[in-house]
Amino acid sequence: MALVGSRSWLIFFIAFAASLLISVNAEDVFLDWQVNIDTTIKPVSVDQPVITINGMFPGPLINATTNDIIHVNVFNNIDEPLLITWNGIQQRLNSWQDGVSGTNCPIRPGSNWTYVFTLKDQIGTFSYFPSINFHKAGGAFGPIRVNNRVVVPTPFLKPDGEFDLLIGDWYQESYKDVRSILDRSVVGLRPNSMLINGHSRYPQTKNRTFVVETGKTYLIRISNVGTEWSINFRIQNHPMLLVETEGSYTSQIILDSLDIHVGQSYSILVTTNQVEADYYIVASPKMANVSESSGLVGVGVLHYAESTTPVQGPLPLGPDPFDLNFSVNQAKSIRWNLTAGAARPNPQGTFNVSNVTLSQTFILQGSLSNISDHARYSVNNVSYRVPNTALKLADYYNNGTGTYQLDAYSANSSNVVAIDGTFVVSGAHNGWLEIVFKNDLQVIDTWHLDGFGFYVVGFGVGVWTHEMRLTYNLYDPVVRSTVQVYPGGWTAVYAYLDNPGMWNLRSQVLKNWYLGQELYIRVYDPDPNPAKERQPPSNLLFCERSTVTFALSGSVIPPSPPASPPSPPPPKKSHATTLPINW
């Protein structure tokens, strides 16, 4: 017994010392963001409103280090309520900062709100974007870099430079017009341009010309910040070494081209060992027949510093955009690097799913439904309707009463008829959840889970059955937060629900999300210890009748403010910076 006690104290001491080391190394990063409408930018040479941050489109880079504390004071100068979400940042024990409708009331026009969150135990390439009112189709998205602490080496040599590429489709119409079209149940309109760092098609501009030196190796961080189209990415005459995706180091594989689905992020290494010249960078849509000259093909330039030779010849070819076998095989080849350290010194492979016991299984069917003569996207024939106030707020103050009913809809089977509802399901705290995503549509869908990374254990076509588990990769499945589901197929993931909170599970295809293809997982820990889950922030926003329509019974009345609120501490200097992505 004495030996057991000594070991317990040793484990406690090591964990305590490690926590002290983390707190000493962490920095506070203070950012002020002015969110505005700009009608002069014209990404596709038409008059349309573009949502900028500090006058920038795309928005500024958040460049920070694991365990840094990020303070983002968002000033909403547009004419509609606004929320920003941090795609892939897990918000450990703190869903209050997640920035989606189920966790936050929106920032009203003419007001501001400060997000405060810790980049707890994460590294890698991520992005941020607005989460309500179809705003993402108007801009306000940007890149996030989370760098390793010095004590945890990367599984590759330090690159000679880094670039951020935000690639995504773009509508000719304004985001307000597209939103209005969707509200009229017209769902066939699709984006018809592709932007690279906010610019469409060649001829080149500075933001799409990336200057490199001969004989160097560069880390290129790529995020698909579009609304609908999956893309295939490639660089003329330059193989790409895949090293990371959404916070996970991958087994390093060399690729000629890479499929990147909506909401996904990757890091690749590119060595500039070709003849000094200019080379095409190409992002083309999947599941589409488009010509080389189409505006839906994004084109940039990799420019060798001493080059006097402009880009020439046809664009480099990618795989057949309809060849799903290529896409599935590539997806299966993206594996977890089991020996690499991640945000912590211990190897990623310390955590595995080879012998887990599942606590729950969700089988989720995304589909297009007709509900009361309106086109709606749904999950298991339930189309999500945003309730009268944020779910997390109602949960904390009223146990959800008047806002939602927990487990009112099945996460395993579809309703006989399609209905509207506020879909909230129970997640077993500290249990393993299997999610099987099904897609009967003729387009690629993508799903994202806030608050967690999930292990991508399987892809398949046709009907999923329990026997399909025999085909799962339980040895080295990659961990990420966004996964694609191919037409007529299914994708299976495992998630360990160790992060209490109210967490959004959604389609990353924006019109699907906007029209109801989402739900929330409530992971509940009854222990009120704030070390188990954070208390509401002192600057908590409450939903107002002016921003949403709701019944009186569902409102949450804000508590009386304290008589003398404490003054905020002065900002601390930080090594982390906010940089534009103009290279």
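Residues numbered from 1 in each chain as written. Predicted model: local features only at pLDDT ≥ 70, side-chain atom pairs only at ≥ 80, totals over all residues. Heavy atoms only, no water.

**Student:** Help me understand the overall build of the protein chain in this model?
**Tutor:** For the protein chain, the helix and strand inventory stands at five helices and 34 strands. Of all 583 residues assigned to the protein chain, the portion counted as buried reaches 57%. Long-range pairs, those at least 24 residues apart, make up 78% of the contacts in the protein chain between residues at least 6 apart in sequence. (Helix = DSSP H or I, 4+ residues; strand = E, 2+ residues; numbered from the N terminus. Buried < 20%, exposed > 50% of the residue type's maximum accessible area, 1.4 Å probe, protein only. Contact = heavy atoms within 4.5 Å.)

**Student:** Would you mind going over a negative patch on the surface with me for this structure?
**Tutor:** Among the surface-exposed residues, D160, E213, E276 and E306 lie close enough to one another that they form a single negatively charged patch. Along the chain, the position of E213 falls in the loop between strand 12 (209–212) and strand 13 (217–224). For E213, a relative accessible area of 46% translates into the label partly exposed. (Patch = residues over 30% accessible without salt bridge, like charges linked within 9 Å, V, L, I, M, F, W, Y side chains within 5 Å. Areas by Shrake-Rupley, 256 points an atom, 1.4 Å probe, with all protein chains shown as cover. Salt bridge = Lys/Arg side-chain N within 4 Å of Asp/Glu carboxyl O. Lys, Arg positive; Asp, Glu negative; His and termini not counted. Charge placed at Lys NZ, Arg CZ, Asp CG, Glu CD.)

**Student:** Is there a simple way to explain the sheet that holds strand 19 (residues 278–285) in this structure?
**Tutor:** Consider a sheet: its strands pair through backbone hydrogen bonds, and that pairing is either parallel or antiparallel. Strands sit in the order 12-20-19-14-17 across an open sheet of five strands; the sheet is mixed. Each edge of the open sheet carries a strand with a single partner, namely strand 12 and strand 17 (258–260). Shown here is a sheet whose adjacent strand axes are inclined to one another by a mean of 25°, direction ignored. Two elements, strand 14 (residues 231–235) and strand 19, share five bridges in a ladder whose sense is antiparallel. Pairing of I231 across the sheet is with P285, part of strand 19. (Pairing = 2+ DSSP bridges. Axes fitted to C-alpha atoms, helices over the stretch in contact; angles between N-to-C directions.)

**Student:** Is there a simple way to explain the pairing of strand 33 (residues 518–523) in this structure?
**Tutor:** Within a regular strand, side chains alternate between the sheet's two faces. Of all six residues in strand 33, six are buried, a share of seventy percent or more. Burial of the side chains of strand 33 extends over both faces: E518, Y520 and R522 are buried on one face and L519, I521 and V523 on the other. Strand direction decides the pairing type here: strand 32 (residues 501–507) and strand 33, joined by six bridges, are antiparallel. If you follow L505 over to strand 33, its bridge partner there is L519.

**Student:** Sorry if this is basic, but what is going on with the sheet that holds strand 15 (residues 240–245) here?
**Tutor:** Read from one edge of the open sheet, seven strands run 11-10-9-13-18-15-16, paired in mixed fashion. Two strands close off the open sheet at either side, each with one partner strand: strand 11 (199–200) and strand 16 (248–255).

**Student:** Please clarify how the state of the cysteines should be interpreted in this entry.
**Tutor:** Covalently bonding the sulfur atom of one cysteine to the sulfur atom of another cysteine gives a disulfide. On inspection of all chains with the given rule, the structure shows one disulfide. Between the sulfur of C105 and that of C543 lies a disulfide, 2.0 Å long from S to S. Because the torsion about its S-S bond is -90°, the bridge between C105 and C543 counts as left-handed. In this pair, C105 sits in the loop between strand 5 (84–87) and strand 6 (112–118) while C543 sits in the loop between strand 33 and strand 34 (577–579), placing the two residues 438 residues apart along the sequence. Using a relative accessible area of 3% as the deciding quantity, one classes C105 as buried. (Disulfide = S-S within 2.5 Å.)

**Student:** Would you mind going over the packing of aromatic side chains with me for this structure?
**Tutor:** Here a ring pair, both rings aromatic, is described through the centre-centre distance and the interplanar angle of the planes. Tallying each qualifying case throughout the model produces 28 aromatic pairs. Site record: aromatic cluster; members linked through ring pairs are W33, W86, W113, Y115, F117 and Y128. Lying across the ring of W229, R190 places its NZ or CZ 3.9 Å from the centre. Against the face of W513 rests R506, its NZ or CZ located 4.4 Å from the ring centre. (Phe/Tyr/Trp six-rings, centres within 6.5 Å; stacked < 30°, edge-to-face > 60°. Lys NZ or Arg CZ within 6 Å of the ring centre and 35° of its normal.)

**Student:** Would you explain the pairing of strand 10 (residues 193–196) in this entry?
**Tutor:** Side chains of strand 10 alternate between two faces, with S193 and L195 and M194 and I196 buried alike. Note that strand 9 (residues 161–170) and strand 10 share four bridges and pair antiparallel. If you follow W170 over to strand 10, its bridge partner there is S193. Sheet topology places strand 10 next to strand 11; two bridges connect them, and they run antiparallel. Bridged to L195 within strand 11 is S200.

**Student:** Honestly, the nonpolar core in this entry has me stumped. Any pointers?
**Tutor:** One finds W33, W86 and F233 to be the most contacted residues of the largest nonpolar core, which totals 141 residues. With eight residues, the next largest nonpolar core counts I123, F156, Y249 and L269 among its residues. (Core = buried A, V, L, I, M, F, W, Y, C linked by side-chain atoms within 4.5 Å.)

**Student:** How should I be thinking about the side chain of K511 in this particular structure?
**Tutor:** Of note, K511 is situated in helix 5 (residues 510–514). Using a relative accessible area of 6% as the deciding quantity, one classes K511 as buried. When residues no more than four places from it in sequence are discounted, the contact partners of K511 are F134, L182, V187, L189, E228 and Y377.

**Student:** I tried to follow helix 3 (residues 324–333) on my own but got confused; where do I start?
**Tutor:** One full turn of an α-helix is made of 3.6 residues, so residues set three or four places apart face in the same direction. Considered for burial, the residues of helix 3 that qualify are S327, V328, Q330 and A331. Looking down the long axis of helix 3, one finds its buried residues gathered within 165° of arc, a one-sided arrangement. Relative to its buried face, helix 3 has exposed residues pointing more than 90 degrees away, namely N325 and N329. The backbone nitrogen of N325 lies 3.2 Å from a side-chain oxygen of the residue at the head of helix 3, namely D323. (Arc of directions from axis to C-beta. Polar contact = N/O pair within 3.5 Å; in protein donor to acceptor, adjacent residues only side chain to side chain.)

**Student:** What exactly am I supposed to notice about the environment of Y520 here?
**Tutor:** In this structure, Y520 sits in strand 33. Classification of Y520 as buried rests on a relative accessible area of 0%. Remark: the alpha-carbon pair of Y520 and V424, spanning 96 residues in sequence, is separated by 4.8 Å. Each residue touching Y520, except ones within four places of it in the same chain, is listed here: V100, S101, G102, Y384, L391, F423, V424, V425, M502, W503 and N504. Engagement of the side chain of Y520 in a polar contact is seen with the backbone nitrogen of G102, the distance being 2.8 Å.

**Student:** Could you clarify how one ought to interpret unusual backbone geometry in this entry?
**Tutor:** Excluding glycine, residues mostly carry a negative phi; peptide bonds, for their part, are mostly trans. Here the residue pair F57 and P58 is connected by a cis peptide bond, since its omega of -5° sits within 30 degrees of zero. For P58, the location among the structural elements is in the loop between strand 2 (50–53) and strand 3 (61–65). Unusually for a residue other than glycine, S185 sits at a positive phi of about 70°. Considering the arrangement of structural elements, one finds S185 in the loop between helix 2 (175–183) and strand 10. One non-glycine residue, N197, lies in positive phi territory at about 50°. Relative to the helices and strands, N197 is located in the loop between strand 10 and strand 11.

**Student:** It is not clear to me how the pattern of salt bridges should be interpreted in this structure. Could you clarify?
**Tutor:** Two side chains that carry opposite charge are able to pair once their charged atoms sit near each other. Counted by the stated rule, this structure contains 21 salt bridges. With a shortest N-O distance of 2.9 Å, D395 and R522 are connected by a salt bridge. Taken together, the residues D395 in helix 4 (residues 391–398) and R522 in strand 33 connect sequence positions 127 residues apart. For the pair shown, D395 and R522 are each scored as buried. Here E434 and R469 are joined by a salt bridge, their closest N and O atoms 2.6 Å apart. Remark: R469 occurs in the loop between strand 28 (454–461) and strand 29 (479–480) and E434 occurs in strand 26 (residues 432–439); sequence separation between them is 35 residues. Using a relative accessible area of 28% as the deciding quantity, one classes R469 as partly exposed. Connected through salt bridges with shared partners, the residues R145, E162, D164 and R221 form a single ionic network.

That is the geometry; function is a separate question.
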